[in-house]
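Topology and contacts: notes
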Amino acid sequence: MINIEETGNLIVVAIIGEFTLDDFKQFEEQVLYKFHFNGEANLLLDWRDMVSYTVGVAWEEVRFMREHGNKISRVAVVTDSQWQVWSAWVSNLFTDADVVVFSDYDEAYAWAKV
């Protein structure tokens, strides 16, 4: 399940349970809409309650970051999971955005909202 909220130039994405391809398509649609009107955005990815994601999501994430990563300034990832930290590091290879992993949501929010 995915929950997406916008605050100014920040898009907050929370994943609960499994991150599916349908969830990713919803995320992509929202972010592309934001890019259309604002040109760029910052992301806060709350992965604390994410259990897993599908292979399709992993592939789409790489594709999305390669195509649109230049429109993202900051990506804050909130997680305590080492495999999710590794996933964030891999995503960082495909974008010029600053990608930082946090264990505290409030710190991530303050950093990404700039």
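Use the structure listed above.
Criteria and thresholds
- Residues numbered from 1 in each chain as written.
- Predicted model: local features only at pLDDT ≥ 70, side-chain atom pairs only at ≥ 80, totals over all residues.
- Heavy atoms only, no water.
- Phe/Tyr/Trp six-rings, centres within 6.5 Å; stacked < 30°, edge-to-face > 60°.
- Buried < 20%, exposed > 50% of the residue type's maximum accessible area, 1.4 Å probe, protein only.
- Pairing = 2+ DSSP bridges.
- Helix = DSSP H or I, 4+ residues; strand = E, 2+ residues; numbered from the N terminus.
- Axes fitted to C-alpha atoms, helices over the stretch in contact; angles between N-to-C directions.
- Contact = heavy atoms within 4.5 Å.
- Salt bridge = Lys/Arg side-chain N within 4 Å of Asp/Glu carboxyl O.

1. Quick word on the packing of aromatic side chains
For the coordinates displayed, the defined rule picks out seven aromatic pairs. Aromatic pair phenylalanine 102 and tryptophan 111: ring centres 5.7 Å apart, planes at 50°, arrangement tilted. The burial state of phenylalanine 102 is the same as that of tryptophan 111; both residues are buried.

2. Here we look at the sheet that holds strand S4 (residues 72-78)
In a beta sheet, neighbouring strands pair by backbone hydrogen bonds and run either parallel or antiparallel. The five strands are arranged S1-S2-S3-S4-S5 in an open sheet whose pairing can be described as mixed. Two strands in the sheet have a free side with no partner beyond their single neighbour: strand S1 (2-7) and strand S5 (98-102). The sheet shows a mean angle of 15° between the axes of neighbouring strands, taken without regard to direction. Sheet topology places S4 next to S5; five bridges connect them, and they run parallel. Counted as the bridge partner of valine 77 is valine 101 from S5. Along the sheet face, helix H2 (residues 55-68) touches strand S2 (10-19), strand S3 (41-53) and S4 and points at about 170° away from the line of S3.

3. Digging into the pattern of salt bridges
Counted under the stated rule, the structure contains seven salt bridges. Its salt-bridge partner being lysine 25, residue glutamate 28 comes within 3.8 Å of it at the nearest N-O pair. Taken together, the residues span about one helical turn, with glutamate 28 and lysine 25 both in helix H1 (residues 21-38) at a distance of three residues. The class for glutamate 28 is buried, based on a relative accessible area of 10%. The class of lysine 25 is partly exposed, set by a relative accessible area of 37%.

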